[in-house]
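Structural characterization, general
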Amino acid sequence: MLSNETLKQIADKYGKSVAQICIRWCLQNGILPLPKSVTPSRILENTNIFDFEMTAKDMDLINKMPYFGGSGLHPDRVKF
C-alpha cells in the first residue's frame, strides 16, 4: 500500500507521507485508524494528520480504488 502510485501522488499533493494519507482517509471516513510502529520518528509522523483535510475528489479517488493490502477477512469472522 505504501508504494501505491495513486497514494504517492495524493501524498505529494498534501506534503504528507502515504501512511499519513491512509490515516487521514480513515478519519475522514469515520474509521478508527490503528497505526503501528516502533520507530519514534514514524510514531510522531502518524500523529501529524490533523493539519489538513483531503478534498472530496481525493477521498472519492481513494474510495474507488480496488481492494488491496489486507487479509480480506471480516474481523467478526476470524477464528483465533
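Below or above, wherever it landed, is the structure these notes cover.

Thresholds, definitions, all that
Residues numbered from 1 in each chain as written. Predicted model: local features only at pLDDT ≥ 70, side-chain atom pairs only at ≥ 80, totals over all residues. Heavy atoms only, no water. Helix = DSSP H or I, 4+ residues; strand = E, 2+ residues; numbered from the N terminus. Buried < 20%, exposed > 50% of the residue type's maximum accessible area, 1.4 Å probe, protein only. Contact = heavy atoms within 4.5 Å. Axes fitted to C-alpha atoms, helices over the stretch in contact; angles between N-to-C directions. Parallel < 35°, antiparallel > 145°, perpendicular 65-115°, else oblique. Left-handed = near helix turned anticlockwise from the far one by under 90°. Nonpolar A, V, L, I, M, F, W, Y, C, P; charged D, E, K, R; others polar. Phe/Tyr/Trp six-rings, centres within 6.5 Å; stacked < 30°, edge-to-face > 60°. Lys NZ or Arg CZ within 6 Å of the ring centre and 35° of its normal.

**Re the overall build of the protein chain**
- On a plain count of helices and strands, the protein chain comes out with 4 helices and 0 strands.
- N-terminal to C-terminal, the α/β element order of the protein chain is α-α-α-α.
- Projected onto its principal axes, the C-alpha positions of the protein chain cover 40 × 30 × 25 Å.
- Relative to its 80 residues, the protein chain shows a buried fraction of 29%.
- The long-range share in the protein chain, meaning contacts at least 24 apart out of those at least 6 apart in sequence, stands at 64%.

**Here's the deal with the packing of helix H1 (residues 5-14) against helix H4 (residues 56-63)**
- Between H1 and H4, whose axes approach to 11 Å, the crossing angle comes to 160°. Viewed along their axes, H1 and H4 adopt a mutual orientation that is roughly antiparallel. Where H1 crosses over H4, the two elements pack in a sense that is left-handed. Across the interface between the two elements, Thr6, Leu7, Ile10, Lys13 and Tyr14 from H1 touch Asp58, Leu61 and Ile62 from H4.
- Grouping the amino acids of the contact of H1 with H4 by side-chain chemistry returns 5 nonpolar, 1 polar and 2 charged.

**With respect to the packing of aromatic side chains**
- Taken as a whole and judged by the stated rule, the model has 1 aromatic pair.
- Taking 5.5 Å as the distance between ring centres and 40° as the angle between the ring planes, the aromatic pair formed by Tyr14 and Phe52 counts as tilted. Of the two residues, Tyr14 sits in helix H1 while Phe52 sits in the loop between helix H3 (40-47) and H4, which places them 38 residues apart along the sequence. Each member of the pair Tyr14 and Phe52 is classed as buried.
- The ring of Phe52 has Arg24 sitting right over it, with the charged end atom 6.0 Å from the ring centre.

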